[in-house]
Amino acid sequence: MGKGGRHAYAALSLLAAGALVLTGCSEGGSKGSDNNKEDEQNAERQQSGISFGDAKASTGPAAEIAGAKSGGTVTVLQRDSFAHLDPGQIYVSDEMALSQLIHRGLTSYKATSDDGEKHEVVGDLATDSGQTTDGGKTWTYKLKDGIKWADGSAITAADVRHTFERLFAPFVSNGPTYIQQWLANTPGTEYRKLLPDGPYKGKHLPDSTLSTPDDKTIVFHFEQAKPDLPYALAMAGYSMVSEKKDTKEKYDKAPMAAGPYKIQDFKSGKSMTLVKNTNWDPDTDAVRHQYVNQFNFEFNKQFEDSTKAILDDSGANATAISFSNQVDAGNLSKVLADATMKSRTVSGYQPYVGQMNINLSQPEMQDKAVREAIAYALPVTPFVRAFGGTDAMEVAGGLISPTVSGYDPTFDPFGKKKKPAGDPAKAKELLEKAGKTGLKLTFGYINTPEGQQYSTAMAAGLEKAGFDVQRQEIPAETYYDQVSKVKNNYDIYHTAWGADWPSASTVIPPLYDGRQIQDGASNYAHLNDKKVNADIDRVAAITDPVKAAEEWNKINEYIVKDVVSNIPTAYYKQTQIAGSKIGGLVYDDVIGGVDPRRLFVK
């Protein structure tokens, strides 16, 4: 899942079993912080297993939140507008947070503790988390009674079939692709050949792949065992789409809701209003609440804007929050040190790893010496500083987060933890040897205050090594849409990715499999390395999760050290605040931020 912009935080699922024990977070980039021990424990906790819930655990209503009451309006201050509302196109954190309120899938993550730290996967629209009798090759789901769309029509197995068949259509290109690939039994984009036009020309997936024997039953058939299916189905990108109300591309701006809220009004880039969905039945929903009468979203609120407004705590600001914005760098240390803010503050370690992508579609970037020079020269300090320093970031050595099995805190081939300001002398030597001094680098950066700050300083560091850096701004709302284009005009650009569940199987294949390359896909560097592709297939077949974690990490190390297509920058943390009249405030590990499903107005 992506973070910040388009791939902000995608659906955070967490690993089921066999997770490695975290050996300890690296000190790199975190010296001076008083939170190292807490960070280590936070990261270790997120590697632990999440079990599959039975029918009882999947039965609504959700457990009441202490002190909760109905009514009131919550103001949601967001930096970015929502580029996608169609579930099949959702794969970033801000859209995924919204999805918790308006969409529902076959499964979902249910918090089993009031602190957002413990979870289980339960049936959402389905009666349980799924049934398999053959080790994961065949999965059967039964729909609950009484589940309806916002227009009052019943949600049926036909809607579920349609939801998955439409994911094969060409216009759906921004969401997850795990289940499509599993159904087609093929990596990369070849899955589309199974149903090239989706269901829109009258063709359907064969019953031997996806069957719906009656209105309430859905059966997935895979050639290879897929024991992680309940986790994948809990992703926002696999939420249901109404067959009768599907408007194809137009659905992305006006989807049919199944959750406790529906969209009353959406003005892209300006505002959105959510109101109660009167056809949502709490008795069918084990994970969501409907305490708040209305959510009013205001967009274009930078981190500093939302922080100042919520700290003001008067009028509407007393019932304000942000689902995605963090406390800005200028106020972060003050907020964390203020004891009176403790009840209004939540913090957590996120699964996101920042990385500078080197666009391998650009001819000049084919030269490995150039890529190594970029890796050595790139300063990471400006990136960490822009978001609030070590309370918000930890310098990264590799592409696997401390929250994911297989993480190795000692891996740091370009010395970023020891020299976060970069090594321009080493980079200059490489450039001169390659005869590329003065090479032009087009640096695409997200047009936010933080993006402007870190890109300016990063560009200066690259220029010290002998590069001619040209910065080009990209609007925040469409940032990931732009950099995910195969033919974009940028040489380097920063993205962040979080595991969809704490296994590197949800990091390495979606980001670095060359067969994934297509507009909208997550292989932002356009890496197509034969060894990487072959190793992905080899490791994907390993059933021992501990051994698989070790092997995924070897691919990570090869990409960073030998291919040099993606330069790790930082591991993410998050601190968010709310107005004093916001109740139910919890940082949820799975969501990677505030849990909007619990909120109420005091």
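Our subject is the structure listed above.
The structure displayed is predicted, hence computed values, not measured ones. (Residues numbered from 1 in each chain as written. Predicted model: local features only at pLDDT ≥ 70, side-chain atom pairs only at ≥ 80, totals over all residues. Heavy atoms only, no water.)

**Student:** Sorry if this is basic, but what is going on with the overall build of the protein here?
**Tutor:** Along the protein, the regular secondary structure elements total 15 helices and 21 strands. Reported as C-alpha extents along the three principal axes, the dimensions of the protein are approximately 70 × 55 × 45 Å. For the protein, buried positions account for 63% of its 602 residues. For the protein, the exposed area adds up to about 21300 Å²; of that, 47% sits on carbon and sulfur atoms. (Helix = DSSP H or I, 4+ residues; strand = E, 2+ residues; numbered from the N terminus. Buried < 20%, exposed > 50% of the residue type's maximum accessible area, 1.4 Å probe, protein only. Areas by Shrake-Rupley, 256 points an atom, 1.4 Å probe, with all protein chains shown as cover.)

**Student:** Quick question: what am I supposed to make of unusual backbone geometry here?
**Tutor:** The general pattern is negative phi for most residues beyond glycine and trans for most peptide bonds. Along the chain, G60 connects to P61 via a cis peptide bond; the corresponding omega equals 0 degrees. Relative to the helices and strands, P61 resides in the loop between β1 (51–52) and β2 (73–77). Phi angles above zero are rare outside glycine, and K248 is one such case at about 55 degrees. Take K248: it is sitting in the loop between α5 (229–233) and β8 (261–267). Given a relative accessible area of 33%, K248 falls into the partly exposed group. In the Ramachandran plot, H526 falls in the positive-phi region, its phi being about 55 degrees despite a non-glycine side chain. You can see H526 is positioned in the loop between α13 (508–512) and α14 (530–540).

**Student:** Is there a simple way to explain the sheet that holds β1 in this structure?
**Tutor:** If you walk across this open sheet you meet the three strands as β1-β4-β3, and the pairing is mixed. Of all strands in the sheet, those bounded by a partner on one side alone are β1 and β3 (107–111). Here β1 pairs with strand β4 (residues 119–123) via two bridges, running parallel. Directly across from S51, in β4, lies its bridge partner E120. (Pairing = 2+ DSSP bridges.)

**Student:** Looking at this structure, I do not really get helix α7 (residues 329–337). What am I missing?
**Tutor:** Residue pairs three or four apart in sequence face the same way in an α-helix, which turns once every 3.6 residues. All of the buried residues along α7 are N331, L332 and V335. Looking down the long axis of α7, one finds its buried residues gathered within 120 degrees of arc, a one-sided arrangement. Facing away from the buried surface of α7 by more than 90 degrees, the exposed residues are G330, K334 and A337. Where α7 is buried, its residues contact α6 (303–312), β12 (345–358) and β17 (566–577). Among the residues of α7, the N-terminal cap falls to D328, whose side-chain oxygen and the backbone nitrogen of G330 are separated by 3.1 Å. (Arc of directions from axis to C-beta. Contact = heavy atoms within 4.5 Å. Polar contact = N/O pair within 3.5 Å; in protein donor to acceptor, adjacent residues only side chain to side chain.)

**Student:** Explanation requested: the environment of D285 in the structure shown.
**Tutor:** On the secondary structure map, D285 appears in the loop between β9 (271–276) and β10 (294–298). Overall, the relative accessible area of 0% leaves D285 in the buried class. Residues D285 and M356 lie 71 residues apart in sequence; the distance between their C-alpha atoms is 40 Å. Those residues within four positions of D285 in sequence are excluded, and the remaining contacts are G60, P61, A62, R104, D124, K144 and W280. A polar atom in the side chain of D285 sits 3.0 Å from the backbone nitrogen of V287.

**Student:** Help me understand the nonpolar core, please; the structure alone is not making it clear to me.
**Tutor:** Considering soluble globular proteins, one finds that nonpolar side chains tend to be buried as a cluster. Counting 160 residues, the largest nonpolar core has F164, F220, F295 and F467 as the members making the most contacts within it. Those residues in contact with F295, other than ones at most four positions away along the chain, are V74, V76, L101, Y261, M272, T273, L274, F323, P596 and L599. (Core = buried A, V, L, I, M, F, W, Y, C linked by side-chain atoms within 4.5 Å.)

**Student:** Before we go on, may I ask you to explain helix α8 (residues 368–377) in this structure?
**Tutor:** Of all 10 residues in α8, eight are buried, a share of seventy percent or more. For α8, the capping residue at the N-terminal end is D367, with a side-chain oxygen 2.9 Å from the backbone nitrogen of A369.

In short, the description is geometric, and any link to function would need to be established separately.
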